[in-house]
Amino acid sequence: MSEEVQHLQSRIWQEEPEADNPFACRAAYCHGYDVYGEMLGRAGWAEMVYLLFRGEAPTRTQAAVLELLAVALASAGPRDAAVHAAMCGGVGGSPAAAALIAALAVGAGSLGGAREVRLAMEGWQACGRDLAAWRRRWTEPSAEPIGIFPPAEHPAGFDPHGVSTATPVRQVLAHLAALTPDSRGAWLELHRAELEGAAGHPLSLVGVAAAALTDLGFSPVQGEMLFLLLRLPGAAAHALEQAEYGHKKFPFYRLELEDGPTEKVR
Amino acid sequence: MSWMERYLLAITGRRFAPRPLRLLEAIWCYTSYPDARIWNNRVSALAGTTRSTGNLGLSAALALSEADIYGLGPCVRAIEFLIRTRVELAGGGELAACLRRERSQGRTLGGYGRPLCAADERIAPTVDLARSLGLAGGPHLALAYAVEALLIAERPALRMNYGALIAALAADLGLTSHEHHLFLIPLFLAGMAPCYLEAAAHPAGAFLPLPCHGVAYRGAPRRTWGPA
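Cut-offs and rules
- Position numbers for residues count from 1 along each chain, tracking the sequence in the order it is written.
- Here every chain gets a letter starting at A, and every ligand a number starting at 1, in the order they are written.
- Restriction of local features to residues with pLDDT of at least 70 applies here, the model being predicted, together with a cutoff of 80 or more for giving and counting side-chain atom pairs; totals for whole chains, interfaces and linings are based on all residues.
- Think of each axis as a best-fit line through the C-alpha atoms, taken over the contacting stretch in the case of a helix, with angles from 0 to 180 degrees between the N-to-C directions.
- The secondary structure listing takes helices from DSSP runs of H or I that are at least 4 residues long and strands from runs of E that are at least 2 residues long, numbered from the N terminus.
- When an angle is under 35 degrees it counts as roughly parallel; over 145 it counts as roughly antiparallel; between 65 and 115 it counts as roughly perpendicular; any other value is oblique.
- For any pair of crossing helices, the crossing counts as left-handed if the nearer helix is rotated counterclockwise from the farther one by less than a right angle, and right-handed if it is rotated clockwise.
- Our contact criterion uses C-beta atoms placed from the backbone: two residues qualify when those atoms are within 7 Å.
- Gly is placed with the polar residues, together with every amino acid not listed as nonpolar (Ala, Val, Leu, Ile, Met, Phe, Trp, Tyr, Cys and Pro) or charged (Asp, Glu, Lys and Arg).
- Predictor confidence is given residue by residue as pLDDT, running from a minimum of 0 to a maximum of 100.
- For two strands to be treated as a pair, DSSP must find at least two bridges joining them.
- For every domain, the bounds stem from an assignment made automatically or drawn from a database.

## What to know about the packing of helix H3 (residues 39–49) of chain B against helix H4 (residues 54–64) of chain B
All names here are of chain B.
(1) Moving on: Put simply, H3 and H4 touch, their axes get as near as 8 Å, and they point 160° apart. By the angle between their directions, the pair H3 and H4 is classed as roughly antiparallel. Note that H3 runs across H4; the crossing there is right-handed. Contact residues: Trp-39, Asn-40, Asn-41, Val-43, Ser-44, Ala-47 and Gly-48 in H3; Leu-56, Gly-57, Leu-58, Ala-60, Ala-61 and Leu-64 in H4.
(2) Moving on: Taken together, the residues of the contact of H3 with H4 break down into eight nonpolar, five polar and no charged.

This is the structure in structure tokens:
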């Protein structure tokens, strides 16, 4: 009796083996394109990423939008919680992967993280360019599915601690609007003030990214994954930088106990 | 103080008596199969075969365990549902209506049915232990069984699994859903280390090596890359 052969299945990737070794790849095809035979030297990183996720080569404009977004998201700077997490890995000499895992874990949530991108993209799917629908979404929120993430505490894509729209947010939005005048990004720029008024907070970079990723045709789960990915370069660089500085130059903040243990025992 | 008591104190701020501690420790012990085919365990084995570190492998495997169709996701949904439904029933609600509403809202009921096999061999020993400790008479456990009875009348595959059982037992011990979520983090840990170790003991790359023909391509036909 022959044992049933089990295969992984993929719409994305196909490999042909070398004649002398079935485990060695002779040619690899991504959605039908010869990666090493044709794309190498002709395709950019943003084009490759777009192809991997969407299954089709991007247009010039789509590649330019993704490229712009990749630059805008590459580094959140050392004050960012996810970057801070990566730096904790770097400064203590943790493995490189641990620093990136730390950045991914901390950058996964609904405050400035990938989950917020996903929620904001779900907002775009539900509300599109309908201001009234966005208002309803925030004034009459539907119950969030129960899951492992804590419920979101503010309208996704807006900064709950913001006072006014940060300059880089406006700059990224302006570039996106200029590149794609009919896009959600352009609509967002046009109606930013009204949306911010309804949300009660200024727009954040997450909100801009969510609009751009939706414009590029990514689904919310794809956007969540891409945001995690695009945030990693800065986390990695800052982790290595703090490893060079060493732990004596990395703040070990003073502890302020809110509720002393002896007090609680009483 | 045992490590279990220490961990529960950290999560809940409360101290637990020996019998609840015994049950909670058994909840960890009665699962954690060292089967490297299971997706989270497979990650620790893959880390072993690629000669990554045990900590990275096990951390990633733990991270995977917060899954939708197995592991912590269904467990969290189960305790949320049981706690919420019990409150509703105490206020005069009717269980069948609660279930109908839950499912009509597109929520997957956590803790009933199992992705790879229908029966759950962990139920009987866990319930036996809970009974022997006098901890099987709580209202959430009774509710979990009542839900099972309604579900299997409709679909026999939707029997209670370990997730609903331990959610009910934890709720009867006073754990909130958030506390239960944190309590469950090491649930599969003991099965992950052997998967890592076994793969690390074998030649590098010997765990699940896949030849090129091990992937069935289902995508676009060959085409030429050109400027858009």
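Once the structure has been displayed, the description carries forward.
## Looking at the confidence of the model for chain B
(1) Moving on: Of the residues in chain B, 97% have a pLDDT of 70 or more, and the chain-wide mean is 94.
(2) Moving on: Model confidence for the complex: the whole-complex pTM is 0.93, and ipTM, which rates the interface, is 0.91.

## Considering the pairing of strand S2 (residues 13–18) of chain A
Residues and elements named next belong to chain A.
(1) Moving on: Pairing of S2 with strand S3 (residues 21–30), which is carried by six bridges, proceeds in the antiparallel orientation. Note on S3: the bridge partner recorded for Pro-17 is Cys-25.
(2) Moving on: Once S2 ends, the chain turns through two residues before running back antiparallel as S3.

## Some details on the domain arrangement of chain A
(1) Moving on: Splitting chain A by domain gives domain 1 (13–42) and domain 2 (69–141 + 150–245).
(2) Moving on: Each of domain 1 of chain A and domain 2 of chain A has a C-alpha centre, and the two are 35 Å apart.

## Here's the deal with the sheet that holds S2(A)
(1) Moving on: Pairing within the open sheet is antiparallel, and its three strands lie in the order S2-S3-S4 (chain A). Every other strand in the sheet has two partners, leaving S2 and strand S4 (33–34) of chain A as the edge strands with one partner each.

## Some details on the interface of chain B and chain A
(1) Moving on: With 29 residues of chain B at the interface, the matching set in chain A holds 35 residues.
(2) Moving on: Here the element with the most residues in the side of chain B that touches chain A is helix H5 (residues 72–90) of chain B; it accounts for five residues.
(3) Moving on: Taken together, the residues that form the side of chain B that touches chain A break down as 14 nonpolar, eight polar and seven charged.
(4) Moving on: Pairing of strand S1 (residues 8–10) of chain A with strand S1 (residues 215–217) of chain B, which is carried by three bridges, proceeds in the parallel orientation.

## Re the domain arrangement of chain B
Residue and element names in this part refer to chain B.
(1) Moving on: Along its sequence, chain B is carved into domain 1 (27–65 + 186–203) and domain 2 (68–184).
(2) Moving on: Taking only C-alpha atoms, the centre of domain 1 and the centre of domain 2 are 27 Å apart.
(3) Moving on: Listed as interface residues are six residues of domain 1 and, on the opposing side, eight residues of domain 2.
(4) Moving on: Looking at side-chain class alone, the side of domain 1 that touches domain 2 contains three nonpolar, three polar and no charged residues.

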